[in-house]
Amino acid sequence: MTYYGFNFQWIFSWNGHPPAAPAALRWFSDLLSLYQQYRWGYALWNFEGAFGIVDHARSGARFEDLHGYRVDRDLLELLEAHRV
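Just so we're clear, the structure is a prediction, and the values are computed from it rather than from any experiment.

Peer 1: I'd like a description of unusual backbone geometry, backed by residues and values.
Peer 2: At Arg39, a position not held by glycine, the phi torsion is positive, near 55°. Tracing the backbone shows Arg39 in the loop between helix 1 (21-38) and strand 3 (63-66). The class for Arg39 is exposed, based on a relative accessible area of 63%. Notably, His67 is not glycine yet its phi reads approximately 55°, a positive angle. Positionally, His67 belongs in the loop between strand 3 and strand 4 (69-72).

Structure, rendered in structure tokens:
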């Protein structure tokens, strides 16, 4: 898709079947490393739910209560470590 001269890409989709948390974390880590290396901006599709860091359905996640939300602690730390 191209809007205002910028090319936007869909990077991934779970197709209704989210992977286990360890596999998703490895995938996120690889992808975010590239984003950080090339200083590309990114955004998650959802804050909460299948694409987010809160109350997703990925098995094996280490959740922590944070400001009233059930947050995937490992994914949050990964996102913080790869800020652009």
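Peer 1: Go over the packing of helix 1 against helix 2 (residues 73-81) with me, naming the residues and quoting the values.
Peer 2: Running from N to C, helix 1 and helix 2 point in directions that differ by 10°, and their axes come no closer than 10 Å. By the angle between their axes, helix 1 is roughly parallel relative to helix 2. Residues Leu25, Phe28, Ser29, Leu32 and Gln36 of helix 1 pack against Asp74, Leu75, Leu78, Leu79 and Ala81 of helix 2. Of the residues belonging to the contact of helix 1 with helix 2, the class tally is 7 nonpolar, 2 polar and 1 charged.

Peer 1: Run through helix 1, naming residues and quoting values.
Peer 2: Relative to the 26 Å expected for 18 residues at 1.5 Å per residue, helix 1 spans 26 Å between its end C-alpha atoms, a close match to the ideal helical length. Turning to helix 1, the residues buried within the fold contact helix 2. Arg39 sits one or two positions beyond helix 1 and adopts a positive phi of about 55°.

Quick notes on the rules
- Residues numbered from 1 in each chain as written.
- Predicted model: local features only at pLDDT ≥ 70, side-chain atom pairs only at ≥ 80, totals over all residues.
- Heavy atoms only, no water.
- Helix = DSSP H or I, 4+ residues; strand = E, 2+ residues; numbered from the N terminus.
- Buried < 20%, exposed > 50% of the residue type's maximum accessible area, 1.4 Å probe, protein only.
- Axes fitted to C-alpha atoms, helices over the stretch in contact; angles between N-to-C directions.
- Parallel < 35°, antiparallel > 145°, perpendicular 65-115°, else oblique.
- Contact = heavy atoms within 4.5 Å.
- Nonpolar A, V, L, I, M, F, W, Y, C, P; charged D, E, K, R; others polar.
- Expected span 1.5 Å × (residues − 1).

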